Amino acid sequence: MELTFLGGARTVTGSRFLVDTGRARVLVDCGMFQGGPEAQVRNRIPLGFDPRTLDAVVLTHAHLDHCGLLPLLVHEGFRGPVVCTAATAELTRLVLLDSAKLQEEFAKRQARRDRSDPERAAEDEARDERAFDRELDVALAGAESPGGPEPEDLLAGAPPEVEIDFGEPVYTEDDANATLPMLRHIPYAMEHEVAHGVHVTLLDAGHILGSAIVRMRLSRPGGGRDAVVVFSGDLGRPHSPILRDPTPVSEADVVVCESTYGGREHEPADQAVATLASVVTETARRKGVLLIPSFAIGRTQEIVWELDRLLATGRIPELPLYLDSPMASSASDIYRAHPEAYDEQTERLLREHESPLDYPAQHITRNVQESERIVRAQPPYIIVASNGMLTGGRSMGHAARLLPDPTATVLFVGYQGEGTLGAHLVGGARTARVNGRQVQVRATIRSLDGFSAHADEPELLAWLGHFSRGRRPGDPGVPRRVYLVHGEPAAQSALAPRVAELGLDVATPTWHETVSLD
């Protein structure tokens, strides 16, 4: 029995893990790589297996870097179920249709630019081809792990000389629509056999609505003790608003754990809320505009929740709030439809007939025209727009307008991946390229990580500590190895020795590396 790390290895996106028992093949997540051009070209690398041989996919949650390549999987022949929670199924529908639409629109814009500037188009194509060759070499090197399949087999017969049309979308809206009927939802905490001998239990991860830890029990073909593999997915933070805390898990043979915030500790939640209040108050005093780039699913709902609480307790003035993300609006509707996932505090507010997912002075934009009309509004006001790292979406148009404005503030409220415009600005850049145009950065740039939906290092260690507490290596239930995924190399290097201090053997797999589960 083997596990292959086809994504999320030494990077924070593209989560994709293949479990092969000899009798069944099951994929945990099928995410898109996000970030700069070097990261995105990985979406063009062959999947690493023949999708027609795959029995099922298990989805941890609906963020694009965990579900975003499902339509490509279907386009290339996968016909099995995609197993997830009910809320994840609903949110995944939003994410995939939006992703496909954006890709098709981007491809059309790119084609127009290429026709108007063929010399620049040739340079861009040559750059993409070089990046593709570099990333393919990385994948091939990882596939040469001892005991793994031959690299040529792993890359499904796609040699380095394969021609890729980088101007075409990775997949289309037709592909996304073909994927939706395959979503099969199961409840938390009930074991289901998703493929022959592969028994899956989903446990609450507390990251976004419907997010799950995956406990996978693998029956051995020749009999004997079952193997248990636990995939953390993205772990949320204890005591975050709206959702329940991540579920403790205490027994496994192998653990695959995220490491996004390895080596880092979030600022206290109370401090983050206090800073948010002061930024809103300062925006009102300066009669400026506050732009909060935010991911549509999870982060936006939490920010609106906190603004509503701050207003209800008199800690901020009532400024107009423009929620400029149709996906975020639709996601909030799905959040409202799943109160069974709420924590005790949110349940209490609902019992008291409050609406913690709505801000009294909010304006929801339904189309591009309404979004463009925000510029005519009289400051001060707040804009919450996706996406959170300024790599696309409506937040880009607002950033282009507001970054040169000294009365404006841009407040980042989550992780900024390497190579993104968000990371560039948080790093202190005084110029930025936005939508192809160079702008001066005169706006105030602020950053908070107290609203992160990811567990920080102490919280990750506390969750992993359940596997070893009161036991020694080799005792029943103590994992023989913990694999750190979904993190940059520096974060993993910081976290790994701390995991080892818990008495757990730890490794950081490479992209396309295969390891034994026997």
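These figures come from a predicted structure and were not determined experimentally. Note on numbering: residues in each chain are counted from 1, in written sequence order. Where totals are concerned, whole chains, interfaces and linings use all residues; where local detail is concerned, this predicted model gives features only for residues with pLDDT of at least 70, and gives and counts side-chain atom pairs only at 80 or more. Water and hydrogen atoms play no part in the side-chain values, which are based on all heavy atoms of the structure.

## Some points on the pairing of strand 12 (residues 289-293)
A regular strand places its side chains so that they alternate between the two faces of the sheet.
For step 1, the next point in the chain: For strand 12, the tally of buried residues reaches 5 of 5 residues, placing the bulk of the element in the interior.
For step 2, the next point in the chain: Accessibility here uses a 1.4 Å probe with only protein chains present; expressed as a share of the type maximum, an area under 20% marks a residue as buried, one over 50% as exposed, and anything in between as partly exposed. In DSSP terms, a helix is any run of H or I states spanning at least four residues, a strand is any run of E spanning at least two, and both are numbered starting from the N terminus. Burial along strand 12 is two-sided: the residues Val-289, Leu-291 and Pro-293 and Leu-290 and Ile-292 are all buried.
For step 3, the next point in the chain: We treat two strands as partners when DSSP finds at least two bridges between them. Here strand 12 runs beside strand 15 (residues 381-385); their pairing, made up of 5 bridges, is parallel. Bridge pairing in strand 15 links Val-289 to Tyr-381.
For step 4, the next point in the chain: Bridge count between strand 12 and strand 16 (residues 409-412): 2 bridges; the pairing is parallel. When the bridges of strand 16 are listed, Leu-290 appears paired with Thr-409.

## Topic: the pattern of salt bridges
As a working rule, side chains carrying opposite charge can pair if their charged atoms are close by.
For step 1, the next point in the chain: Here a salt bridge means any side-chain nitrogen of Lys or Arg lying within 4 Å of a carboxyl oxygen belonging to Asp or Glu. Applying the stated criterion across every chain, the model contains 22 salt bridges.
For step 2, the next point in the chain: Arg-52 is the salt-bridge partner of Asp-50, the closest N and O atoms lying 2.9 Å from each other.
For step 3, the next point in the chain: A relative accessible area of 64% places Arg-52 in the exposed class.
For step 4, the next point in the chain: One salt bridge in this structure joins Glu-457 and Arg-498, with 3.0 Å as the shortest N-O distance. With Glu-457 in helix 15 (residues 457-465) and Arg-498 in helix 16 (residues 489-501), the pair connects residues that are 41 residues apart, well separated along the chain.
For step 5, the next point in the chain: Residues participating in the shared-partner salt-bridge network are Arg-120, Asp-124, Arg-127 and Asp-128.

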